Amino acid sequence: MNDHRIRDVLPLASGGSTRLSDSIGRRFEYLRLSLTEVCNFRCTYCLPEGYKKPCNLPNELSVEEVRRAVTAFAQLGLWKVRLTGGEPTLRRDFEDVVRTVSQVPGIHKVAMTTNGYRLAQRAKAWRDCGVSAINISVDSLDPARFSAITGHDRLAEVMRGIDAAEAAGFESIKLNAVLMRGVNDDELETMVEFVAARDLSLRFIEVMRTNDNASFFDERHVAGQSVIDRLEAVGWQRLPREVGAGPAVEFGHPEAKGRIGIIAPYSKDFCASCNRLRLSSDGKLHLCLFGDGGFDLRPLLAEDSETDLAERIRTLVGAKAPAHRLHEGNSGATPHLASIGG
Ligand code: SAM
Ligand code: SF4
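Reading the values: rules and limits
Residues numbered from 1 in each chain as written. Chains lettered and ligands numbered in written order. Predicted model: local features only at pLDDT ≥ 70, side-chain atom pairs only at ≥ 80, totals over all residues. Heavy atoms only, no water. Helix = DSSP H or I, 4+ residues; strand = E, 2+ residues; numbered from the N terminus. Rg over C-alpha atoms; globule rule 2.2 N^0.38 Å. Buried < 20%, exposed > 50% of the residue type's maximum accessible area, 1.4 Å probe, protein only. Near = heavy atom within 4 Å. Polar contact = N/O pair within 3.5 Å; in protein donor to acceptor, adjacent residues only side chain to side chain. Areas by Shrake-Rupley, 256 points an atom, 1.4 Å probe, with all protein chains shown as cover. Nonpolar A, V, L, I, M, F, W, Y, C, P; charged D, E, K, R; others polar. Axes fitted to C-alpha atoms, helices over the stretch in contact; angles between N-to-C directions. Parallel < 35°, antiparallel > 145°, perpendicular 65-115°, else oblique. Left-handed = near helix turned anticlockwise from the far one by under 90°. Contact = heavy atoms within 4.5 Å. Phe/Tyr/Trp six-rings, centres within 6.5 Å; stacked < 30°, edge-to-face > 60°. Lys NZ or Arg CZ within 6 Å of the ring centre and 35° of its normal. Arc of directions from axis to C-beta. Core = buried A, V, L, I, M, F, W, Y, C linked by side-chain atoms within 4.5 Å. Pairing = 2+ DSSP bridges. Salt bridge = Lys/Arg side-chain N within 4 Å of Asp/Glu carboxyl O.

Caption draft 1: Quick peek at the overall build of the chain. Looking only at helices and strands, the chain features 11 helices and 12 strands. On C-alpha atoms alone, the chain measures out to a radius of gyration of 19 Å, which is about the 20 Å that the 2.2 N^0.38 rule sets for 342 residues. The principal-axis extents of the C-alpha atoms in the chain amount to approximately 50 × 45 × 45 Å. The burial tally for the chain puts 54% of its 342 residues in the buried class.

Rendered as structure tokens:
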């Protein structure tokens, strides 16, 4: 069942009118939960020098804190959680987290985003413990390029992971690809052919500017509209926007099994359809990927106080800014997307 249909059969959050929205009426139904900022890859646009251990060990939320946080968001009507990072599967208790989140009343869909690490071995286990949708990052189908982009010669392993994910029966499998000028932008057609032949979706993500990658962004950014022009040139057609859909623009092709989505944060009106909130691995609520810091919810996660927590979240969300300020060259305080999960 797709997100739109799930939403249609869901009851309102407790109290009937308690759904979470901001001052301009955007509704929030989707939580992106970062489980760790640690990563084993060194993607050029994200952590080009790899994850650097800070002086203090990362202070990640415990499974119990995750349960409390997700319970509060669910009380506010959020029903979909994506587990991300860093690389979320590096957490030893990853499967406990999945089980815990998927048992929170009101959570109807648990998704995850991964670089493919251990996917070939664990796909079935992750599916069995409650993940129904998986996004796998694959920026190139060429082994040497994949290695140059991620710092790891692991394309074959990731491809085996995709096969394992298909065999495990996830409801949705999406491949995420960041297109970079002069690096992999000539692979667009090859990637499109790959998903056209399989029941997979592909998401092209524009390189996003963060605090740490400004010069990389200037050199490598490919505008989403140029990707759209290339897709339309080979017969892909824009699909009608589903009510409540997120910011991706979706394309289909009469002869293709898969779909394609474009995530283009620099495009006009990108923020108008924002339906997501982010919680960092140390418990900070981020109202925007490109916002200024986060709001620390940790003190409220220390004890059973989901109601206070939900009220605090509601107040903070009420003040969410209408749009990011990327067009003014302001990408907020996010050093890299590994810090808050992309
Ligand atoms: N480690 C996992 C992975 O790579 O799939 C999950 C976390 S990663 C931050 C989530 C997504 O953000 C990935 O698809 C990655 O390609 C994307 N990403 C990271 N930094 C980005 C940037 N600066 N611009 C665009 N996408 C980015
Ligand atoms: Fe790690 Fe994902 Fe960032 Fe790549 S994009 S460095 S895999 S967190």
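Still to come is the rest of the account.
Caption draft 2: Broad picture of the site of ligand 1. Neighbouring ligand 1 are 19 residues, the closest being Y45, G86, S137, N176 and M208. Between ligand 1 and T114, the relevant distance is 3.2 Å, taken from an oxygen atom to a main-chain nitrogen or oxygen of the residue. One of the backbone N or O atoms of M208 is found 2.8 Å from a nitrogen atom in ligand 1. In the complex, the protein chains occlude 95% of the 540 Å² of accessible area that ligand 1 would expose alone. Of the residues belonging to the shell around ligand 1, the class tally is 7 nonpolar, 10 polar and 2 charged.

Caption draft 3: Quick look at the packing of helix 3 (residues 94-102) against helix 4 (residues 119-128). Between helix 3 and helix 4, the shortest axis-to-axis distance is 10 Å and the interhelical angle comes to 25 degrees. Classed by the angle they form, the pair helix 3 and helix 4 counts as roughly parallel. Considering only the axes of helix 3 and helix 4, their crossing is right-handed. The residues of helix 4 that touch helix 3, namely those facing F94, E95 and V98, are R122, A125 and W126. In terms of residue class, the contact of helix 3 with helix 4 is built from 4 nonpolar, no polar and 2 charged.

Caption draft 4: Seen up close, the packing of aromatic side chains. Under the definition given, this model contains 3 aromatic pairs. Ring geometry for F41 against F146: centres 6.4 Å apart, planes inclined by 85 degrees, an arrangement best described as edge-to-face. A residue pair is termed long-range when its members are at least 10 positions apart, and F41 in the loop between strand 1 (30-36) and helix 2 (63-75) and F146 in helix 5 (residues 143-150) qualify at 105 residues. Of the two residues, F41 and F146, both sit in the buried class. Over the aromatic face of Y30 sits the side chain of K80, whose NZ or CZ is 4.4 Å from the ring centroid.

Caption draft 5: Representation of the site of ligand 2. Near ligand 2, the surroundings consist of C39, F41, C43, Y45, C46, L47, G86, N115 and A338. Counted by class, the shell around ligand 2 contains 7 nonpolar, 2 polar and no charged residues.

Caption draft 6: Structural view of unusual backbone geometry. Not every positive phi belongs to a glycine, and R118 is a case in point at roughly 65 degrees. Here R118 is to be found in the loop between strand 3 (109-114) and helix 4.

Caption draft 7: Seen up close, helix 9 (residues 224-233). Those residues of helix 9 lying buried are G224, V227, I228 and L231. All buried residues of helix 9 fall inside an arc of 100 degrees around its axis, so they share one side. Those residues of helix 9 that are buried lie in contact with strand 5 (172-179), helix 7 (188-196), strand 6 (201-206), strand 7 (237-238), strand 8 (249-252) and strand 9 (259-263). In the segment just after helix 9, G235 is the residue with positive phi, at about 90 degrees.

Caption draft 8: Structural view of the nonpolar core. The biggest cluster of nonpolar side chains holds 100 residues, and the ones touching the most others in it are L83, I136, F204, I260, L277 and I313. Aside from chain neighbours lying at most four places away, what touches I136 is T114, G116, L119, V158, I162, A165, I173, K174, L175 and N176.

Caption draft 9: Quick look at helix 7. Among all positions in helix 7, only L188, M191, V192, F194 and V195 are buried. One side of helix 7 holds all its buried residues, which, seen down the axis, span an arc of 155 degrees. Buried residues in helix 7 make contact with helix 6 (155-168), strand 5, strand 6, helix 9 and strand 9.

Caption draft 10: Highlighting the pairing of strand 10 (residues 276-279). Every second residue of strand 10 is oriented toward a common face, with R276 and R278 on one face and L277 and L279 on the other, all of them buried. In this structure, strand 1 lies alongside strand 10, joined through 4 bridges in parallel fashion. Following the sheet pairing, Y30 is matched in strand 10 by R276. By the bridge criterion, 2 bridges tie strand 10 to strand 11 (residues 284-286) in an arrangement that is antiparallel. Bridge pairing in strand 11 places R278 opposite H286.

Caption draft 11: Representation of the sheet that holds strand 4 (residues 133-137) in the model. Strand order in the open sheet formed by 12 strands is 7-8-9-6-5-4-3-2-1-10-11-12, and the pairing between neighbours is mixed. The open sheet has two edge strands, strand 7 and strand 12 (295-296), and neither has a second partner. In the packing of helix 3 onto the sheet, contacts are made with strand 1, strand 2 (80-85) and strand 3, and the angle to strand 2 comes to roughly 165 degrees.

Caption draft 12: Examining the pattern of salt bridges more closely. The final tally for this structure, using the stated rule, is 22 salt bridges. Among the ionic pairs, R145 bridges to D186, the shortest N-O distance being 2.8 Å. Pair noted here: R145 is in helix 5 and D186 is in the loop between strand 5 and helix 7, with a separation of 41 residues, a long-range link. D186 sits in the partly exposed class, given a relative accessible area of 47%.

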